[in-house]
Amino acid sequence: MEISHLKEREEHIEIPNKRKCEYNFEQPNKKIARDGKNSPEIIALAALSDYPQSPINNKKELAITPAEHSAHTEINSPNKKPETSPDKISKTSGCFFPQSPKKRLEFAADSGKQQNKSKEKFIYGNYNQYYGYRNKDKDFHDIRLDMFEEYKDLFKEKQILDIGCNSGFITMEVAKKFEVKSIVGLDIDKHLINQAIKSIIRHKKALPLNSELKRSNKFPFNVTFVHGNYVLRDAVLLEIERPQFDVILCLSITKWIHLNFGDEGLKMAFKRMFLQLRSKGILVLEAQPFDNYGRRKKMTETIHTNYKNMEFFPKHFEDFLLSPEIGFTKVDLMGVPDHCKKGFKRPIQIFYKE
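Keep in mind that this is a model prediction, so the values were computed, not measured.

## A word on the overall build of the protein chain
Stage number 1. Each helix and strand in the protein chain was counted, giving twelve helices and 13 strands.
Stage number 2. Put simply, of all contacts in the protein chain between residues at least 6 apart along the chain, 63% involve residues at least 24 apart.
Stage number 3. Summed over all atoms, the accessible surface of the protein chain reaches about 20200 Å², with 50% contributed by carbon and sulfur.

## Structural notes on helix α10 (residues 254-276)
Stage number 1. Compared with an ideal rise of 1.5 Å per residue, which puts 23 residues at 33 Å, α10 spans 17 Å between its outermost C-alpha atoms and falls more than 12% short.
Stage number 2. If you look at α10, its biggest bend is around 130°, right at F261.
Stage number 3. For α10, the tally of buried residues reaches 19 of 23 residues, placing the bulk of the element in the interior.

## Some points on the pattern of salt bridges
Stage number 1. What the rule picks out here adds up to eleven salt bridges.
Stage number 2. A salt bridge links R144 to E286, with the nearest nitrogen and oxygen atoms 2.7 Å apart. Separated by 142 residues along the polypeptide, R144 in helix α6 (residues 144-150) and E286 in strand β11 (residues 277-286) bring together distant segments of the chain.
Stage number 3. Classification of E286 by relative accessible area gives buried; the value is 0%.
Stage number 4. Among the ionic pairs, K177 bridges to E173, the shortest N-O distance being 3.8 Å. Note that K177 and E173 are positioned in helix α7 (residues 169-177) at a spacing of four residues, about one turn of the helix.
Stage number 5. Judged by relative accessible area, K177 falls into the partly exposed class, the value being 42%.
Stage number 6. Classification of E173 by relative accessible area gives buried; the value is 15%.
Stage number 7. Each of D142, R144 and E286 takes part in salt bridges that share partners, so that together they form one network.

## Comments concerning the packing of aromatic side chains
Stage number 1. According to the stated counting rule, one finds eleven aromatic pairs in the structure shown.
Stage number 2. Ring geometry for F270 against F317: centres 5.5 Å apart, planes inclined by 70°, an arrangement best described as edge-to-face. One end of the pair, F270, is in helix α10; the other, F317, is in helix α12 (residues 314-322), and 47 residues separate them in sequence.
Stage number 3. Aromatic rings pair up to connect F270, F312, F317 and F320 into one cluster.
Stage number 4. Here the guanidinium or amino end of R272 rests over the ring plane of Y230, the centre of that ring lying 4.5 Å away.
Stage number 5. Between the NZ or CZ atom of K353 and the centre of the ring of F274, over which it lies, the distance is 4.3 Å.

## Here's the deal with the packing of α10 against helix α11 (residues 301-308)
Stage number 1. It is the contact of α10 with α11, at a shortest axis distance of 8 Å, that shows an interaxial angle of 60°. Classified by the angle their axes make, α10 and α11 are oblique. The hand of the α10/α11 crossing is left-handed. Here H258, L259, N260, F261 and G262 of α10 come into contact with α11, specifically with T302, I303, N306 and Y307.
Stage number 2. In terms of residue class, the contact of α10 with α11 is made up of four nonpolar, five polar and no charged.

## Here we look at the sheet that holds strand β8 (residues 182-187)
Stage number 1. The sheet built from seven strands is open, its strands ordered β9-β8-β7-β10-β11-β13-β12 with mixed pairing. Strand pairing shows two members of the sheet lacking a second neighbour, β9 (223-227) and β12 (330-335), which therefore form its edges. In this sheet, adjacent strand axes meet at a mean angle of 20° when their direction is disregarded.
Stage number 2. In terms of strand pairing, β8 meets β9 through five bridges, oriented parallel. By the bridge assignment for β9, L186 is matched with V226.
Stage number 3. Lying over the sheet, α7 contacts β7 (159-163), β8, β9 and β10 (245-251), oriented at roughly 160° with respect to β9.
Stage number 4. Together, β7, β10 and β11 form the strand contacts of α10, whose direction differs from that of β11 by roughly 155°.

Conventions adopted
Residues numbered from 1 in each chain as written. Predicted model: local features only at pLDDT ≥ 70, side-chain atom pairs only at ≥ 80, totals over all residues. Heavy atoms only, no water. Helix = DSSP H or I, 4+ residues; strand = E, 2+ residues; numbered from the N terminus. Contact = heavy atoms within 4.5 Å. Areas by Shrake-Rupley, 256 points an atom, 1.4 Å probe, with all protein chains shown as cover. Expected span 1.5 Å × (residues − 1). Bend = angle between axes of the 7 residues up to and from the residue. Buried < 20%, exposed > 50% of the residue type's maximum accessible area, 1.4 Å probe, protein only. Salt bridge = Lys/Arg side-chain N within 4 Å of Asp/Glu carboxyl O. Phe/Tyr/Trp six-rings, centres within 6.5 Å; stacked < 30°, edge-to-face > 60°. Lys NZ or Arg CZ within 6 Å of the ring centre and 35° of its normal. Axes fitted to C-alpha atoms, helices over the stretch in contact; angles between N-to-C directions. Parallel < 35°, antiparallel > 145°, perpendicular 65-115°, else oblique. Left-handed = near helix turned anticlockwise from the far one by under 90°. Nonpolar A, V, L, I, M, F, W, Y, C, P; charged D, E, K, R; others polar. Pairing = 2+ DSSP bridges.

Here it is as structure tokens:
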């Protein structure tokens, strides 16, 4: 259709259902109205106006050019899932209307993220159903808590840090069962920390405003959750660390620190734990064995590189922690959880600081 021919019909174009389409050639971005059908006039005007938006049934939709109509025929197929395209379908006419270039770029970027999400979502071991998987057939009772019960005096009236707390189940149970003075749960996954914070808020809201628990700083008022990476960006930051905890829990997190930050990252984390413990403080360590690493070694390029370059293995952890480079003076075996999942039967050790 020639532009001159369109100008002759510039003022008003009659289309079915007596709805009119107006187009101003001096203002090509002006919105146009249509009856929801793919008439030739609308197609041509849309092509000239770079897909001006049109309000139909209180929704913003875009008209389509003949070329794009054929390109989107496949999307109209019953076997095609609408969510695979950024374009929209009109419920009244069944026609497809492409989104703006900006929306298309956003959709393309989101699609790329979706493809990588499955590979990178849990690269830190931040499984969103970790405790359900670990405690399968145990009614969400973590058997490690039974072992802690035998050493409850180590936790009573103590200030505790739980590194890699996930959604906070162990953190809250320790706070509830062992009369701790305070406990901080730290995790690198913000989503999991938000879940943990919401859980604490629900516990608090279930109590009366003048609860004695609040005045005495008992559960749930003795629990704090913090989002962050425990591995420092630079070892020089260790110089400003000061003792602030009596107990540090490092439960099934060494593998993920090791894979993501390498030998030096894990050694730095161990040094930070020692520096953050007060005199007579303890580190409760549950380390994954090295044969547990292999299944995750290709999750990312960084993990694969760190895995190939490892020279510091779990069998070396005890000697390293007791060496002058760190400074713990004694280690005891708390026990090995009798868990239904073989992969979770890991020894739990207690390292003592003078």
